[in-house]
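# Fold and contact review
Read off the chains here:
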Amino acid sequence: MAPPPLFLFFLVLITSLSTTATTKITNTITATQTLSGNAAIVSSGGNFVLGFYQPDNTSSRYYVSIWYNKPCSRTDRPTTPVAVMAVLLDEGNLVLRDEKNVTVWQSFDNPTHTWLPGAKLGLNKKTKKDQLLTAWKNKEDPATGLYSLMLDPDGTSQYVIKWNDTVQYWTSGVWDEQTGAFTLQGLTEGNIFTYNFTDNENESYLTNRLKDTYSSIITRFVMDVTGTFVQLTWRDTTQQWNQFWSRPVQQCDVYDYCGAFGSCSQNNSQSCSCLDGFEPVNGSDWWGLSDYSSGCRRTTPLKCGTRTARKDQDRFRVYDNIGFPVNQLSVGNATGLDECESACYSNCSCTAYAFDSTCFFWTGDLLNLNSTCCFDSTFGTLYVRLAALDFPTSNKTKMVASIAAGSAAGILFAMCLALVLWRQRRQRIGPTRTVEGSLVFIDNHENIVFYTESSSSQSSQARSNTTSSSSQTTANASSISTKSEV
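Keep in mind the model is a prediction, meaning the values are calculated, not measured. (Residues numbered from 1 in each chain as written. Predicted model: local features only at pLDDT ≥ 70, side-chain atom pairs only at ≥ 80, totals over all residues. Heavy atoms only, no water.)

### Quick look at the overall build of the protein
Looking only at helices and strands, one finds four helices and 36 strands in the protein. Within the protein, buried positions represent 40% of all 486 residues. Within the protein, contacts between residues at least 6 apart in sequence are counted, and of these 52% link residues at least 24 apart. In the structure as shown, the protein presents an accessible area of about 27100 Å², 50% of it carried by carbon and sulfur atoms. (Helix = DSSP H or I, 4+ residues; strand = E, 2+ residues; numbered from the N terminus. Buried < 20%, exposed > 50% of the residue type's maximum accessible area, 1.4 Å probe, protein only. Contact = heavy atoms within 4.5 Å. Areas by Shrake-Rupley, 256 points an atom, 1.4 Å probe, with all protein chains shown as cover.)

What follows is the structure, given as structure tokens:
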């Protein structure tokens with residue numbers, strides 16, 4: 001797929017245009033001419049082309065775009081069809097002119113995600129219109145994204161990057177006239193450009209131009225889908241854009257880069273991952289487009305507020321040494337970890353808590369979590385509420401269950417063994433035969449043994465008269481044996 005465009009006019013054509021090679025014509029198109037299919041106009045010096053761009057081969061959407069003629073990379077911005085001709089200039093500026101050859105609109109005043117040498121980046125004080133850069137939604141969708149680079153709305157000369165036009169997470173510092181640079185490292189870093197900041201009653205803006213020594217370099221600045229402001233240069237050897245620098249330097253310094261319940265890490269090939277018990281809202285394939293803004297969702301609903309058994313109640317997953325989310329609330333009456341947990345547990349809107357001399361808890365989505373750095377994060381131990389089903393079974397629980405199962409199996413085996421031995425013994429010695437008033441059985445020596453229900457005193461007396469009764473006992477035993485065999 002070709003690199004992303006530089007300017008993309010939001011003229012969406014639901015057609016079936018051919019994807020064959022582009023037919024290039026002159027640098028000018030008049031009000032009586034049409035541009036369709038693979039036709040395009042080329043700037044006089046051959047540096048830029050204007051034509052139709054399809055973000056991917058499966059999309060039915062086409063955009064009027066400008067791209068470098070050599071690298072074939074496009075740019076974007078809406079047009080106003082009020083002119084008699086459109087001219088593509090060799091610096092990449094599309095100019096609309098009236099019948100008197102007066103410019104009524106130009107793409108350099110209406111940038112999207114790309115800032116080219118010679119273009120303005122600032123504010124028109126008369127019209128109150130910003131000339132800002134806005135990232136694409138993802139690598140293949142040029143719709144408006146969440147990140148923007150703009151001149152400080154508060155009126156200073158610094159440039160800032162904002163998330164969703166609300167949260168500022170990077171600044172260039174103010175412009176220093178003496179050094180011709182911004183006070184903070186970044187925007188004017190390097191020596192291949194000459195920068196000029198203009199501030200008067202009509203407008204405030206920044207422009208850049210390549211120094212003569214580097215005029216042959218093909219380069220551009222882009223507000224990237226990752227929320228970083230990057231400088232790219234074209235390399236003929238690799239036929240690719242090469243990133244020269246980016247700001248912020250750390251990806252995890254970008255506000256809410258991984259979305260709700262997503263954690264950012266500088267150490268992994270994929271910067272974002274979902275917390276345990278969560279999954280990507282738009283599926284993991286969507287994350288391949290560097291669009292993490294939708295964040296993560298729970299795999300199992302919480303049970304808080306419903307009647308449920310204790311074992312099925314919500315629990316808290318422990319995350320050590322993690323950068324705390326933004327927008328925490330403090331609980332002044334919770335003076336310990338247990339009290340802090342209780343305060344969060346009793347509030348069904350509480351999704352996480354932490355305690356470090358002060359009890360903090362978070363409601364709703366957890367934003368800007370990170371495991372390695374940044375965004376002025378406070379690091380510590382965070383307790384995140386999860387459904388019981390999303391809790392992994394602990395080793396202790398597994399050991400107890402194993403012991404219980406092993407004990408039950410051992411008892412069952414012993415019982416079965418005893419039953420088998422008992423049955424084998426019965427088969428070998430035959431069934432026992434009872435005599436009324438006595439318990440009689442045959443011992444291992446084939447002797448008949450019997451016990452009467454007489455009292456113990458009578459038994460003792462019988463044993464004491466052994467000599468006098470031995471013959472009688474033998475006779476009785478013989479008599480009993482005879483009866484038993486009948």
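Still to come is the rest of the account.
### Observations regarding the sheet that holds strand E9 (residues 94-97)
Strand order in the open sheet formed by four strands is E3-E8-E9-E10, and the pairing between neighbours is antiparallel. Both edges of this open sheet fall to strand E3 (28-30) and strand E10 (103-106), since each of them pairs with a single strand only. With strand direction ignored, the average angle separating the axes of adjacent strands in the sheet is 20°. In this sheet, strand E8 (residues 85-88) lies alongside E3 in antiparallel orientation, the contact comprising three bridges. Paired with Thr 28 across the bridge in E8 is Val 87. (Pairing = 2+ DSSP bridges. Axes fitted to C-alpha atoms, helices over the stretch in contact; angles between N-to-C directions.)

### Let's talk about the sheet that holds strand E23 (residues 229-235)
Pairing is antiparallel in the open sheet, where four strands are placed in the order E11-E22-E23-E24. Among the strands making up the open sheet, the edge pair consists of strand E11 (114-115) and strand E24 (240-247). Relative to E24, E23 is paired through seven bridges, and the arrangement is antiparallel. The residue bridging Phe 229 from the neighbouring strand is Arg 247, located in E24.

### A word on the packing of aromatic side chains
To describe a pair of aromatic rings, one takes the distance between the centres and the angle between the planes. Scanning all chains against the criterion turns up 19 aromatic pairs. Measuring from ring centre to ring centre gives 6.0 Å for Phe 229 and Trp 245, while their planes differ by 70°; the resulting arrangement is edge-to-face. You can see Phe 229 sitting in strand E23 and its partner Trp 245 sitting in strand E24, a full 16 residues away along the chain. In terms of burial, Phe 229 and Trp 245 fall into one category: buried. Measuring from centroid to centroid gives 4.9 Å for Phe 316 and Tyr 353, while their planes differ by 85°, and the two rings are edge-to-face. Of the two residues, Phe 316 is situated in strand E29 (residues 315-323) and Tyr 353 in strand E31 (residues 350-355); the sequence distance between them amounts to 37 residues. (Phe/Tyr/Trp six-rings, centres within 6.5 Å; stacked < 30°, edge-to-face > 60°.)

### Considering the state of the cysteines
In this structure the tally under the stated criterion is six disulfides. In this model, Cys 274 is linked to Cys 296 through a disulfide, with the two sulfur atoms separated by 2.1 Å. Taking the sign of the S-S torsion, -85° for the link of Cys 274 and Cys 296, the bridge is left-handed. Linking Cys 274 in strand E26 (residues 272-274) with Cys 296 in strand E28 (residues 296-298), this pair joins segments that are 22 residues apart in sequence. Since its relative accessible area comes to 5%, Cys 296 is described here as buried. Between the sulfur atoms of Cys 344 and its disulfide partner Cys 350 the distance amounts to 2.0 Å. Judged by the sign of its S-S torsion, about -100°, the bond between Cys 344 and Cys 350 is left-handed. Taken as a pair, Cys 344 and Cys 350 share a single burial class, namely buried. (Disulfide = S-S within 2.5 Å.)

### Observations regarding the pattern of salt bridges
A full pass over the atoms with the stated rule returns seven salt bridges. Notably, a salt bridge pairs Lys 137 with Asp 291, separated by 3.8 Å at the nearest N-O pair. Taken together, the residues Lys 137 in the loop between strand E14 (133-136) and strand E15 (144-151) and Asp 291 in the loop between strand E27 (278-280) and E28 connect sequence positions 154 residues apart. Classification of Asp 291 as buried rests on a relative accessible area of 4%. In this structure, Arg 297 and Glu 279 form a salt bridge, with 3.5 Å as the shortest nitrogen-oxygen distance. Pair noted here: Arg 297 is in strand E28 and Glu 279 is in strand E27, with a separation of 18 residues, a long-range link. (Salt bridge = Lys/Arg side-chain N within 4 Å of Asp/Glu carboxyl O.)

### A look at empty space enclosed by the protein
If you walk through the whole model with that rule in mind, you get one cavity of 30 Å³ or more. Taken as a whole, the largest cavity encloses approximately 50 Å³ of empty space. As for the largest cavity, its lining consists of Cys 252, Val 254, Asp 256, Tyr 257, Cys 258, Gly 259, Gly 262, Cys 264, Asn 368, Leu 369 and Asn 370. Among the secondary structure elements, those contributing two or more residues to the lining of the largest cavity are strand E25 (262-264) and strand E33 (369-370). Of the residues assigned to the lining of the largest cavity, the class counts are six nonpolar, four polar and one charged. (1 Å grid on protein atoms, 1.4 Å probe; cavity = no way out; pocket = protein on both sides within 12 Å on 5 of 7 lines; lining within 4 Å. Points joined across faces, edges and corners; volume = space filled by probe spheres on them. Nonpolar A, V, L, I, M, F, W, Y, C, P; charged D, E, K, R; others polar.)

### Quick notes on the nonpolar core
Ranked by size, the top nonpolar core spans 76 residues in total, and within it Trp 115, Leu 149, Tyr 169, Met 223, Phe 229 and Leu 382 carry the most contacts. Counting residues in hydrophobic clusters, the runner-up holds ten residues, among them Val 331, Cys 340, Cys 350 and Tyr 353. (Core = buried A, V, L, I, M, F, W, Y, C linked by side-chain atoms within 4.5 Å.)

### Focus on the environment of Ser 148
Here Ser 148 lies in strand E15. Given a relative accessible area of 10%, Ser 148 falls into the buried group. Separated by 77 residues in sequence, Ser 148 and Val 225 have C-alpha atoms that sit 9.9 Å apart. If we skip the residues at most four places from it in the chain, Ser 148 touches Leu 133, Thr 134, Val 160, Ile 161, Lys 162 and Met 223. Reaching out from Ser 148, the side chain makes a polar contact with the side chain of Thr 134 at a distance of 3.4 Å. (Polar contact = N/O pair within 3.5 Å; in protein donor to acceptor, adjacent residues only side chain to side chain.)

### Overview of the side chain of Arg 385
Turning to its location among the elements, Arg 385 is positioned in strand E34 (residues 379-386). Polar contacts involving the side chain of Arg 385 include one to the main-chain carbonyl oxygen of Cys 344, which spans 2.6 Å. Setting aside chain neighbours within four positions, we find Arg 385 in contact with Arg 298, Leu 302, Cys 304, Asp 314, Arg 315, Phe 316, Cys 344, Tyr 345, Asn 347, Cys 348, Cys 350 and Thr 351.

### Here's the deal with unusual backbone geometry
Pro 248 follows Arg 247 through a cis peptide bond whose omega is 0°. Along the polypeptide, Pro 248 turns up in the loop between E24 and E25. Positive phi outside glycine occurs at Asp 165, with the angle close to 60°. Mapped onto the fold, Asp 165 is located in the loop between strand E16 (159-163) and strand E17 (167-171). What makes Asp 165 exposed here is its relative accessible area of 52%.

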